[in-house]
Amino acid sequence: MIKNPIHSLFKTSLLVCFSLTSNYLQAQQIFSTNKYPITDFRQPLDIMPPALAGSFGEIRGNHFHSGIDFRTNQREGYPVYAVADGYISRLRVQNSGFGQALYLNHPNGYTTVYGHLQRFAPKIATIVKNLEYEKKSFEIDEFPEATLIPVRKGEIIAWSGNRGSSGGPHLHFEIRDTKTEETINPQFFGIDIPDNIPPIIHGLYVYRLNGKTFNESIPKQAIGITGASGNYKTLAPISLTGEVGFGIVVTDRHNGLSGTNGVYSIQLELDGKMIYTSALERFSFENSKAINSHIDYPTYINTKRSIQKSFVDPGNPLKIYSGLVNSGKINFNDGVSHQLRYIITDSKGNSSVLPFTVNAGSAPTVAATVPGGIVYAYNKVNEFNSDEIKVLIPQGSLYNDLNFTYKKLPKPAGNAWSNIHQIHNRYTPLHTGFNLWIRADALPENLRNKALIVSTGGSSQGGSFDNGYLKANPKNFGSFYIAIDTIAPRIIPINIANGKSMTGLSKMTFKISDNLSGIKSFNGYIDGKWALMEFDTKTATLWHSFDDRTASGKHDFELVVSDVKDNVRRYSISFAR
Ligand SMILES: [Zn+2]
């Protein structure tokens, strides 16, 4: 029951594995049979055996991991291969995100994505650089015609790197449905990752809901568990009365050099009947932020521990759930014992189980009570107005009904041009954020275009002056006030100075930063002509790589960096090369 015994016989087809095991019925529900081609795609790297530093659907901050992260031995520069015939359908260069990425469309209806690339293959690199000079922009997002850059299966399209929001050298790889752009678990396409290790169950929790909306004030209790190698149990039977939901902490490891990864599916059975299934086969990017509804978000905010709830909030748009009975919530009120069982499965079909007994009390279910505050329905537009602020929560942003609270606090010392407005609290996740207007009576007219909304943590929420108010769209609730940014960004030259000979150096490098509103643009000019500056947000590093656009001899160089509030810093020198 625990491990898939057929696994070692069928290395490439987990679909075939499953049709032969005793897990057949259960497996059919969570693994889609024959839905995806399993022989079309080769591995994107030649590092064997492949090992993942991150799995598909793994829990990350504010999103599910949208692909798989191949380990590259802590090094950059491994050749990245086109996994099938096709053409480059998108060229993307970003300060953060994937850094440098390629998208390939294939005739079978799928798009493959390769992220954090160190450099592109020469023919692609030339096209990208020409586009950057044509648009006078480092960041580009282009969708070439199918005939422009065709590629063959196994052709080197790039070399692996660490660009963009990457925590170390690796290749981020995705397979998307070309039409819907949904991202799909690459392990369903015969991209084989050796793994015969079952998931690890770290913790079990119960939430006493009793008709209430899940939020940070719902009592949570850890239930002691023990076990290893696929078999887990609770330390003692549990006694519960009334409506509850369960949550579980799980991770997975693969063979070899695997990091700690995520699992594929979580299932909960009550008295032999499945009442909850989540399975990370595919998801759309617009729903990915609902991970904050999938997990116990208040606990995550406080402790960074990701408890995956086995009950679903009414406004959760994720389509990873199936077979839900009463949204996964259970009423224990019949005075008898119930058998429950978690089944946790990884993408390769290895499973772990945690059976446990609940002795139900016999008290009637407590009717829902509404604590203080204003009740906002999750499926409506909600507005709050006071003499100093306006709040608008768009439909689709709340995952649950909300007892909204608001409090005004005095203006803080220093750079502050309004009172502090405490808009509910940071423990309630929002899917699309909310609109906030703060009355700007105290703000002098000459500072209107320098003003923005900041949170009491000091982070800029952006914003602009709008008819007597500062308006912004914070992603989360919290405490906010108006501040101004009149300070230009900082430019720190790293390897260049006025009059310096740069002969023998391949690039000139700077660090740039801004105090509050953030960097909006950077532009370099050599002898008055725009010159490509490349930027990496995570290291705040800005550089220009010399090429044959700059002949040997003396040159003037100017760097202009602006922040979001149009404060401008200039840096001008002469150099020789
Ligand atoms: Zn990744």
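Quantities reported herein were computed from a predicted structural model and do not represent experimental measurements.

K.L.:
Would you take a moment to explain the overall build of the chain for this structure?
P.N.:
Across its full length, the chain holds five helices and 48 strands. By principal-axis analysis of the C-alpha atoms, the chain measures approximately 85 × 65 × 35 Å. The 577 residues of the chain split such that 54% are buried. Within the chain, residue pairs in contact and separated by at least 24 positions form 70% of the contacts whose partners lie at least 6 positions apart. When the accessible area of the chain is evaluated, it comes to approximately 24,500 Å², of which 51% is carbon and sulfur surface.

K.L.:
Before we go on, may I ask you to explain the nonpolar core in this structure?
P.N.:
Side chains that are nonpolar tend, in soluble globular proteins, to be buried together. Core analysis: the largest hydrophobic core is formed by 105 residues, its most contacted members being Leu102 and Phe246. Grouped together as the second largest cluster of nonpolar side chains are 24 residues, Ile389, Phe434, Ala472 and Phe480 included.

K.L.:
How should the coordination of the zinc ion be read in this particular structure?
P.N.:
The expected angle between donors at a tetrahedral four-coordinate metal is 109.5 degrees. At an octahedral six-coordinate metal it is 90 or 180 degrees. Surrounding the zinc ion are the protein donor atoms His65 (NE2), Asp69 (OD) and His172 (ND1), which sit 2.0 to 2.1 Å from the metal. Considered as a linear motif, the donors of the zinc ion on their single chain read H-x3-D-x102-H. One end of the pair, His65, is in the loop between strand E3 (63–64) and strand E4 (68–71); the other, His172, is in strand E13 (residues 170–177), and 107 residues separate them in sequence. In terms of burial, His65 and His172 fall into one category: buried.

K.L.:
In this structure, what is going on with helix H3 (residues 122–135)? I would like to understand it.
P.N.:
Two residues of an α-helix separated by three or four positions point the same way, owing to the 3.6 residues in each turn. Across its 14 residues, H3 extends 20 Å between first and last C-alpha, which sits within 8% of the 20 Å expected from 1.5 Å per residue. All buried positions along H3 are accounted for by Ile124, Val128, Leu131, Glu132 and Tyr133. Positive backbone phi, approximately 50°, marks Lys136, located one or two places after H3.

K.L.:
Would you explain the sheet that holds strand E44 (residues 529–531) in this entry?
P.N.:
Note: strands within a sheet are paired through backbone hydrogen bonds, in either parallel or antiparallel orientation. Read from one edge of the open sheet, five strands run E41-E48-E47-E43-E44, paired in mixed fashion. Pairing within the sheet leaves two strands with one partner each, and these edge strands are strand E41 (500–501) and E44. Note that strand E43 (residues 519–526) and E44 share three bridges and pair antiparallel. Bridged to Ile526 within E44 is Lys529.

K.L.:
What should I look at first to understand unusual backbone geometry in this one?
P.N.:
Glycine aside, the phi torsion of most residues is negative, and most peptide linkages are trans. Cis geometry marks the peptide bond from Met48 to Pro49; its omega dihedral reads -10°. Even without being glycine, Lys304 reaches a positive phi, approximately 65°. With respect to the helices, strands and loops of the structure, Lys304 is situated in the loop between helix H5 (297–303) and strand E24 (308–309). Despite not being glycine, Ala540 shows a phi value in the positive range, around 55°. Residue position: Ala540 is located in the loop between strand E45 (534–536) and strand E46 (541–545).

K.L.:
I tried to follow the pattern of salt bridges on my own but got confused; where do I start?
P.N.:
Pairs can form between side chains of opposite charge whenever their charged atoms are close. All chains considered together, the criterion is met by 23 salt bridges. Between Arg152 and Asp85 there is a salt bridge; the shortest N-O distance is 3.6 Å. With Arg152 in the loop between strand E11 (150–151) and strand E12 (156–159) and Asp85 in the loop between strand E5 (79–81) and strand E6 (86–93), this pair connects stretches of sequence that are 67 residues apart. With a shortest N-O distance of 2.6 Å, Glu174 and Arg176 are connected by a salt bridge. Using a relative accessible area of 0% as the deciding quantity, one classes Glu174 as buried. Residues joined by salt bridges that share partners form a network here, namely Glu58, Arg60 and Asp69.

K.L.:
Looking at this structure, how should I read the packing of aromatic side chains?
P.N.:
Both the distance between ring centres and the angle between the ring planes are used here to describe each pair of aromatic rings. Taken as a whole and judged by the stated rule, the model has 29 aromatic pairs. Site record: aromatic cluster; members linked through ring pairs are Tyr376, Phe384, Phe404, Tyr406, Phe434, Phe477 and Phe480. The ring of Tyr103 has Arg90 sitting right over it, with the charged end atom 4.7 Å from the ring centre. We note Lys309 situated over the ring of Phe214; from NZ or CZ to the ring centre the distance is 4.4 Å.

K.L.:
Just to check I follow, could you spell out the layout of surface pockets for this structure?
P.N.:
To find leftover empty space, a probe the size of one water molecule is rolled over the atoms. The calculated volume of the second largest pocket comes to roughly 540 Å³. Forming the boundary of the second largest pocket are 28 residues, of which His65, Phe98, His116, Ser165 and His172 lie nearest the centre. Class assignment of the residues belonging to the lining of the second largest pocket gives a composition of seven nonpolar, 15 polar and six charged.

K.L.:
What is the right way to look at the pairing of strand E28 (residues 351–360) in this model?
P.N.:
Along any regular strand the residues' side chains alternate between the sheet's two faces. Counting buried positions over the ten residues of E28 gives seven, a clear majority of the element. For strand E19 (residues 238–240) and E28, the ladder comprises three bridges, and the chain directions are parallel. Within E28, the residue paired with Ser239 across the bridge is Asn359. Across nine bridges, strand E27 (residues 337–345) lies against E28 in antiparallel orientation. Along E28, the bridge assignment pairs Arg341 with Pro355. Where E27 hands over to E28, the hairpin turn is made up of five residues, of which Gly349 adopts a positive phi near 95°.

K.L.:
Would you take a moment to explain the sheet that holds E12 for this structure?
P.N.:
Ordered by their spatial adjacency, three strands build an open sheet running E5-E12-E9, and the pairing between neighbours is antiparallel. Each edge of the open sheet carries a strand with a single partner, namely E5 and strand E9 (119–120). Where E5 meets E12, three bridges bridge the pair, whose relative direction is antiparallel. The residue bridging Pro79 from the neighbouring strand is Trp159, located in E12.

K.L.:
Quick question: what am I supposed to make of the pairing of E12 here?
P.N.:
Pairing geometry for E9 and E12, over two bridges, is antiparallel. Residue Phe120 lies in a different strand from E12, and its bridge partner there is Ala158.

K.L.:
Looking at this structure, how should I read the side chain of Glu182?
P.N.:
Inspection of the secondary structure assignment puts Glu182 in the loop between E13 and strand E14 (183–184). In this structure the side chain of Glu182 is engaged in a polar contact, spanning 2.9 Å, whose partner is the side chain of Arg282. In contact with Glu182, other than residues within four places in its own chain, are Ile175, Arg176, Asp177, Arg282, Phe283 and Ser284.

K.L.:
Please explain the confidence of the model for the chain as it appears in this structure.
P.N.:
Where the model shows low pLDDT, its predicted coordinates should not be examined in detail. Per-chain confidence: the chain averages 92 in pLDDT, with 93% of residues scoring 70 or above. Within the model, pLDDT remains below 50 along residues 1–25, and this stretch shows 50 contacts once partners closer than five positions in the same chain are excluded.

K.L.:
Please clarify how the environment of Phe138 should be interpreted in this entry.
P.N.:
Here Phe138 is to be found in the loop between H3 and strand E10 (140–142). Assessed through its relative accessible area of 3%, Phe138 is described here as buried. Each C-alpha atom, one on Phe138 and one on Gly115, is 17 Å from the other, the two residues being 23 residues apart in sequence.

About the thresholds
Residues numbered from 1 in each chain as written. Predicted model: local features only at pLDDT ≥ 70, side-chain atom pairs only at ≥ 80, totals over all residues. Heavy atoms only, no water. Helix = DSSP H or I, 4+ residues; strand = E, 2+ residues; numbered from the N terminus. Buried < 20%, exposed > 50% of the residue type's maximum accessible area, 1.4 Å probe, protein only. Contact = heavy atoms within 4.5 Å. Areas by Shrake-Rupley, 256 points an atom, 1.4 Å probe, with all protein chains shown as cover. Core = buried A, V, L, I, M, F, W, Y, C linked by side-chain atoms within 4.5 Å. Donors = N, O, S within 2.8 Å, 3.2 Å for Na, K, Ca; no water. Expected span 1.5 Å × (residues − 1). Pairing = 2+ DSSP bridges. Salt bridge = Lys/Arg side-chain N within 4 Å of Asp/Glu carboxyl O. Phe/Tyr/Trp six-rings, centres within 6.5 Å; stacked < 30°, edge-to-face > 60°. Lys NZ or Arg CZ within 6 Å of the ring centre and 35° of its normal. 1 Å grid on protein atoms, 1.4 Å probe; cavity = no way out; pocket = protein on both sides within 12 Å on 5 of 7 lines; lining within 4 Å. Points joined across faces, edges and corners; volume = space filled by probe spheres on them. Nonpolar A, V, L, I, M, F, W, Y, C, P; charged D, E, K, R; others polar. Polar contact = N/O pair within 3.5 Å; in protein donor to acceptor, adjacent residues only side chain to side chain. pLDDT = per-residue confidence, 0-100.

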